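Structural overview for review
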Amino acid sequence: MNWIISEKFIRYSDGKAIVLANIGMDSTADLPEANAFEGRLLEKGSVAHDIDTGDCYCLNSSGVWKKQKTAGGGGIIPTFSTIQTAATRSMAVVGDLVITEEE
């Protein structure tokens, strides 16, 4: 099972709301398709939290969920305005999105 915890409206496209979403799910098997929620399309950068394992996934521009790297057991805490990571990771804030370099 998956559900939208919170969302930020981006724009409309073909009668659907494009949203940047914060999603909860029971397990990785529940990662949603970009069009899984009625009347909405998930925007790249949407975040899904696996409640079972604590892992976080981000939706890339190809519509594929990518597991986010964590460091030191502290992991990441994704939100719409910040992602807290280990001090060794580079990051840039663009609007409400945080972009980190690949390690």
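Structure: see above.
Residues numbered from 1 in each chain as written. Predicted model: local features only at pLDDT ≥ 70, side-chain atom pairs only at ≥ 80, totals over all residues. Heavy atoms only, no water.

**What to know about the side chain of Glu-43**
Checked against the element boundaries, Glu-43 lands in the loop between strand E3 (40–42) and strand E4 (47–50). Every residue in contact with Glu-43, bar those within four places of it in the chain, is listed here: Ile-10, Arg-11, Ile-18, Val-19, Leu-20 and Leu-59. (Helix = DSSP H or I, 4+ residues; strand = E, 2+ residues; numbered from the N terminus. Contact = heavy atoms within 4.5 Å.)

**Section: the packing of aromatic side chains**
Counted under the stated rule, the structure contains one aromatic pair. Where Phe-9 meets Tyr-12, the ring centres are 4.9 Å apart and the plane angle is 55°; that geometry is what we call tilted. Assessed through its relative accessible area of 44%, Phe-9 is described here as partly exposed. A relative accessible area of 61% places Tyr-12 in the exposed class. (Phe/Tyr/Trp six-rings, centres within 6.5 Å; stacked < 30°, edge-to-face > 60°. Buried < 20%, exposed > 50% of the residue type's maximum accessible area, 1.4 Å probe, protein only.)

**Re the pattern of salt bridges**
Pairing of side chains with opposite charge becomes possible as their charged atoms draw close. All told, the structure shown has four salt bridges when counted by the stated rule. Glu-43 serves as the salt-bridge partner of Arg-11, at 3.3 Å between the closest nitrogen and oxygen. Here the residue Arg-11 occupies a position in strand E1 (residues 2–13), and Glu-43 occupies one in the loop between E3 and E4, the gap between them amounting to 32 residues. For Arg-11, a relative accessible area of 43% puts it in the partly exposed group. A relative accessible area of 12% places Glu-43 in the buried class. Between Lys-44 and Glu-43 there is a salt bridge, with the nearest N and O atoms lying 3.2 Å from each other. Its relative accessible area of 46% is what places Lys-44 among the partly exposed residues. Linked by salt bridges that have partners in common, Arg-11, Glu-43 and Lys-44 make up one network. (Salt bridge = Lys/Arg side-chain N within 4 Å of Asp/Glu carboxyl O.)

**Some thoughts on a nonpolar patch on the surface**
Taken together, the side chains of Met-1, Trp-3, Ile-5 and Ile-51 present a nonpolar region at the surface, about 430 Å² in accessible area. Secondary-structure assignment places Trp-3 in strand E1. (Patch = residues over 30% accessible without salt bridge, like charges linked within 9 Å, V, L, I, M, F, W, Y side chains within 5 Å. Areas by Shrake-Rupley, 256 points an atom, 1.4 Å probe, with all protein chains shown as cover.)

**Quick look at the pairing of E1**
Where E1 meets strand E2 (residues 16–25), ten bridges bridge the pair, whose relative direction is antiparallel. Bridged to Asn-2 within E2 is Met-25. The antiparallel pairing of E1 with E2 creates a hairpin that spans two residues between the two strands, and Asp-14 there sits at a positive phi of about 50°. (Pairing = 2+ DSSP bridges.)

**Side note on the nonpolar core**
Ranked by size, the top nonpolar core spans eleven residues in total: Ala-17, Val-19, Ala-21, Ile-23, Met-25, Phe-37, Leu-42, Ala-48, Tyr-57, Leu-59 and Trp-65. For this core, the secondary-structure elements that each account for two or more residues are E2 and strand E5 (56–59). Considering every element that reaches this core, the biggest residue donor is E2, with five residues. Discounting residues that sit within four places of it in the chain, Ala-48 has contacts with Ile-23, Met-25, Leu-31, Asp-55, Cys-56, Tyr-57 and Trp-65. (Core = buried A, V, L, I, M, F, W, Y, C linked by side-chain atoms within 4.5 Å.)

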